[in-house]
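Chain by chain, the residues:
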Amino acid sequence: MRACRREPVPHTPVWFMRQAGRSLPEYRRLREGIGMLDSCRRPDLVTEITLQPVRRHGVDAAILFSDIVVPLKAIGVDLDIKPGVGPVVAQPIRSRADLAQLRPLEPDDVPYVAEAVGRLTAELGATPLIGFAGAPFTLASYLVEGGPSRNHEHTKAMMYGAPELWAELVGRLAGITAAFLRVQIEAGASAVQLFDSWAGALAPADYRRAVLPASAEVFAAVAGYGVPRIHFGVGTGELLTAMGEAGADVVGVDWRVPMDEAARRVGPGKALQGNLDPAVLFAPREAMEAKAAEVLRAAAGLEGHVFNLGHGVLPTTDPDALTRLVEYVHESSAR
C-alpha cells in the first residue's frame, strides 16, 4: 500500500497477476470438477484459493479469486467460461437492441463477492487484498466478439462504424464495472486493479477517443474511497501516456517496455507496477534472478514500484520458482 502511494518502503513489494491458482497443484485439486464461474460464486472456495499463494509464496498482497465476466453473468448475460477457450457469450452484442442484456449491477447481484472479501480481510490481517474488474473495452470486446478474439474485427467495426452505439456500450459497462469495484471496496478490499487485457490492440488515437473516457469514468467513480487504483493492460507500451491520464494511482507495465522508459511515458505522480516476463520463470534460477535484477535496476528511480510479472502466471510455471522470485526481490531490494 505504501508503494502504491509512493511512500518509502522497507523492500520492494511483490504480488503476481493470476497468482490465485493456475500453477498451484493445491488449486487444481480444489477446483477439480467445479466450473470457473461456479468457483467464483462460492465464498468458501474464493477464500481458500485466494489465500493459497499468499501462504505458499509469501507475497505482499492477495488478489481476489474471481473473473472479469462475473458481473456480466450476475446481471443475466448468457455466457460461460469454457476450459481452454475463455468466456463465450451466447448472444453477442451487435445492435442497439442487444444492449438490453446490460442492466445496472446492484450489490445484491453479487452477495458472494462481498462475503468472500469479508472472510478474506479477516483472515489476511495486515496483508492487503486487491479487488479487480475488467475494463470497459475488454468487456466490450468479449461481448461484441462473442468470445476471445485475435483481431477484434467486430469490436473495431462497431467502434469505427457505429460510434454512438459503441459509446453507449462502454458507458453501460463503465457503470457495471464501477459498481462491481464498489462492492469489493465497501466489503474491505485495500486496493483495486482494472484489467484492460485487450487494449493493446488499439492505436493511441483510437484509445484516447473511444476507450479512455469510459476507463476514466470507472476510476473517478471509486476515487472517493481513497484506496489505490491500478490500471493494467497487455501490449500497451504505446498507450502508457494515455493510460496514465485515465486516473489510476498506479500504472501496470507489461514486459515489453523497461520500467524507467515506462516512467517517462506515464509521467510524474504515479507509481508503477511490473514487469518481469512470465516466461523468465522457466529459465534457470541464476537467469531468472539476473532478469529480476534488471527490472529492479530500471525501477530504482521510480516514485513507487510494485514488483509484478508483465502479465499473468503461466499455468505450467513451477510454483517453487515463484517462491524463489519473491525471496530474491525482498532480499535484493531491502533498504
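Residues numbered from 1 in each chain as written. Predicted model: local features only at pLDDT ≥ 70, side-chain atom pairs only at ≥ 80, totals over all residues. Heavy atoms only, no water.

Visitor: Just checking my understanding: could you explain the sheet that holds strand β7 (residues 250-252) for this structure?
Guide: Whenever strands of a sheet pair, they do so through backbone hydrogen bonds, lying parallel or antiparallel. In space, the seven strands of this open sheet follow the order β1-β4-β5-β6-β7-β8-β9, with parallel pairing throughout. The open sheet terminates on both sides in strands that have one partner only, identified here as β1 (62-63) and β9 (305-309). Relative to strand β4 (residues 129-134), β1 runs parallel, the two being bridged by two bridges. Pairing of Ile-63 across the sheet is with Ile-130, part of β4. (Pairing = 2+ DSSP bridges. Helix = DSSP H or I, 4+ residues; strand = E, 2+ residues; numbered from the N terminus.)

Visitor: Honestly, the pairing of strand β2 (residues 79-82) in this entry has me stumped. Any pointers?
Guide: Along a regular strand, successive side chains alternate from one face of the sheet to the other. By the alternation rule, side chains of β2 split into Leu-79 and Ile-81, which are all buried, and Asp-80 and Lys-82, of which none is buried. If you look at the hairpin formed by β2 and strand β3 (residues 86-89), you'll find three residues sitting between the two strands, and Gly-84 has a positive phi there, around 80 degrees. (Buried < 20%, exposed > 50% of the residue type's maximum accessible area, 1.4 Å probe, protein only.)

Visitor: In this structure, what is going on with the pattern of salt bridges? I would like to understand it.
Guide: When the charged atoms of two side chains with opposite charge come close together, those side chains can pair. Tallied over the entire structure, the rule returns 18 salt bridges. Among the ionic pairs, Glu-168 bridges to Arg-172, the shortest N-O distance being 3.1 Å. Taken together, the residues Glu-168 and Arg-172, both in helix α8 (residues 163-187) and four residues apart, mark about one turn of the helix. Here the salt bridges do not stand alone but share partners, grouping Glu-26, Arg-56 and Asp-320 into one network. (Salt bridge = Lys/Arg side-chain N within 4 Å of Asp/Glu carboxyl O.)

Visitor: So what exactly am I meant to see when it comes to helix α6 (residues 136-145) here?
Guide: Each full turn of the α-helix corresponds to 3.6 residues, which orients residues three or four apart in the same direction. Most of α6 is tucked away, with ten of its ten residues classed as buried. For α6, the full list of buried residues reads Pro-136, Phe-137, Thr-138, Leu-139, Ala-140, Ser-141, Tyr-142, Leu-143, Val-144 and Glu-145. Gly-146 lies just past α6 and shows a positive phi near 90 degrees.

Visitor: What exactly am I supposed to notice about the nonpolar core here?
Guide: The tendency in soluble globular proteins is for nonpolar side chains to be buried as a group. Counting residues in hydrophobic clusters, the biggest one holds 125 residues, and the most contacted among them are Leu-102, Leu-169 and Leu-325. Looking at this core element by element, the count peaks at twelve residues for α8. Non-local contacts of Leu-325, meaning those with residues more than four positions away in its chain, are made with Phe-16, Leu-276, Leu-281, Met-288, Ala-292, Phe-307 and Leu-309. (Core = buried A, V, L, I, M, F, W, Y, C linked by side-chain atoms within 4.5 Å. Contact = heavy atoms within 4.5 Å.)

Visitor: Explain unusual backbone geometry here, please?
Guide: Note: most peptide bonds trans; most residues except glycine with negative phi. Cis rather than trans, the peptide bond between Gly-274 and Asn-275 has omega equal to -5 degrees. Structurally, Asn-275 can be placed in strand β8 (residues 271-276). One non-glycine residue with positive phi stands out, namely Arg-6, at about 65 degrees. Classification of Arg-6 by relative accessible area gives partly exposed; the value is 36%. Backbone geometry places His-152, a non-glycine residue, at a positive phi of 55 degrees. If you trace the backbone, His-152 turns up in the loop between α6 and α7 (153-161). We classify His-152 as buried; its relative accessible area is 3%.

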